[in-house]
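Geometric and topological summary
This is what each chain is made of:
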Amino acid sequence: TWWATAEGYGACLINKPELIQDMVKQVRNEVENPRFSISIKIRIHGDLTRTVDLCRKAEAMGVSWITVHGRTVEERHQPVHYDAIKIIKENMSIPVIANGDIRTLKEAENVWQITGTNGVMVARGLLANLAMFAGYEETPPKYIWDWVDIALELGTPYMCFHQHLMYMMDKITSRQEKRIFNALSSTSAVLDYLTNHYGI
């Protein structure tokens with residue numbers, strides 16, 4: 001996201017391959033267990049040869065696996081370049097994980113097939129549907145209840161607690177319900193709303 005790039009970390013690091021190499025090397029030197037897994041997650045360059053070169057350097061420094069989000073740093077909502085991820089995978093000997101715009105189990109399977117990667121990483125799609133990999137099209141109420149229990153037990157900050165619920169309930173709430181739910185400002189108000197509307 002923009003704030004990470006502005007602070008000099010996150011996706012902007014793909015333009016600092018020496019720094020990535022140094023970071024990986026430092027971690028590898030500090031951890032005594034040679035089986036300890038070190039991974040990186042990157043976006044792609046407009047010039048894919050730069051991305052392949054970066055990945056090869058990271059592999060040479062001891063990265064265990066690489067997740068590739070198939071967009072450039074500048075791209076936000078444009079289509080994901082799954083073809084680029086496939087090319088990166090074909091040039092690596094370590095596992096490569098595909099990432100970007102995977103919102104359903106079917107999409108996860110399609111991306112895995114198209115890219116030939118070792119797996120997929122899902123972000124927003126999984127936030128919206130915690131049961132995606134169990135084959136559900138939307139988050140079942142039981143999973144919402146499980147999140148409430150976990151969040152309350154761990155003392156999750158309200159903003160995180162509420163934001164995750166907003167994602168989970170996106171497909172099961174009407175526009176009017178969303179307006180009401182998204183405006184709630186306390187844990188007790190959220191619990192009351194869930195109890196009254198969903199019997200949770």
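Residues numbered from 1 in each chain as written. Predicted model: local features only at pLDDT ≥ 70, side-chain atom pairs only at ≥ 80, totals over all residues. Heavy atoms only, no water.

**With respect to the nonpolar core**
Among the nonpolar cores identified, the biggest contains 31 residues, and Ile 40, Ile 42, Val 63, Ile 66, Val 68, Ile 88 and Met 92 are the most heavily contacted of them. For this core, the secondary-structure elements that each account for two or more residues are α2 (17-30), β1 (39-43), α3 (48-60), β2 (65-69), α4 (82-90), β3 (96-99) and α5 (105-115). No other element matches α3, which puts 5 residues into this core. What Val 68 contacts, discounting residues up to four positions off in sequence, is Ile 42, Ile 44, Ile 85, Ile 88, Val 96, Ile 97, Ala 98 and Asn 99. Of all hydrophobic cores here, the second largest spans 13 residues; its members include Trp 147, Phe 161, Met 169 and Leu 194. (Core = buried A, V, L, I, M, F, W, Y, C linked by side-chain atoms within 4.5 Å. Buried < 20%, exposed > 50% of the residue type's maximum accessible area, 1.4 Å probe, protein only. Helix = DSSP H or I, 4+ residues; strand = E, 2+ residues; numbered from the N terminus. Contact = heavy atoms within 4.5 Å.)

**Things to note about α3**
The end-to-end C-alpha distance of α3, which contains 13 residues, comes to 18 Å, matching closely the 18 Å that a straight helix rising 1.5 Å per residue would cover. For α3, the full list of buried residues reads Leu 48, Thr 51, Val 52, Leu 54, Cys 55 and Ala 58. Down the axis of α3, the buried set is contained in an arc of 160°. They therefore lie on one face. In this structure, α3 carries Thr 49 and Ala 60 as exposed residues pointing more than 90 degrees from its buried face. Each element contacted by the buried residues of α3 is listed here: α2, β1, β2 and α4. Backbone geometry just downstream of α3 places Gly 62 in the positive-phi region, at approximately 110°. (Expected span 1.5 Å × (residues − 1). Arc of directions from axis to C-beta.)

**Examining unusual backbone geometry**
A positive phi angle, close to 55°, is found at Asp 101, a residue other than glycine. Following the sequence through the fold, Asp 101 ends up in the loop between β3 and α5.

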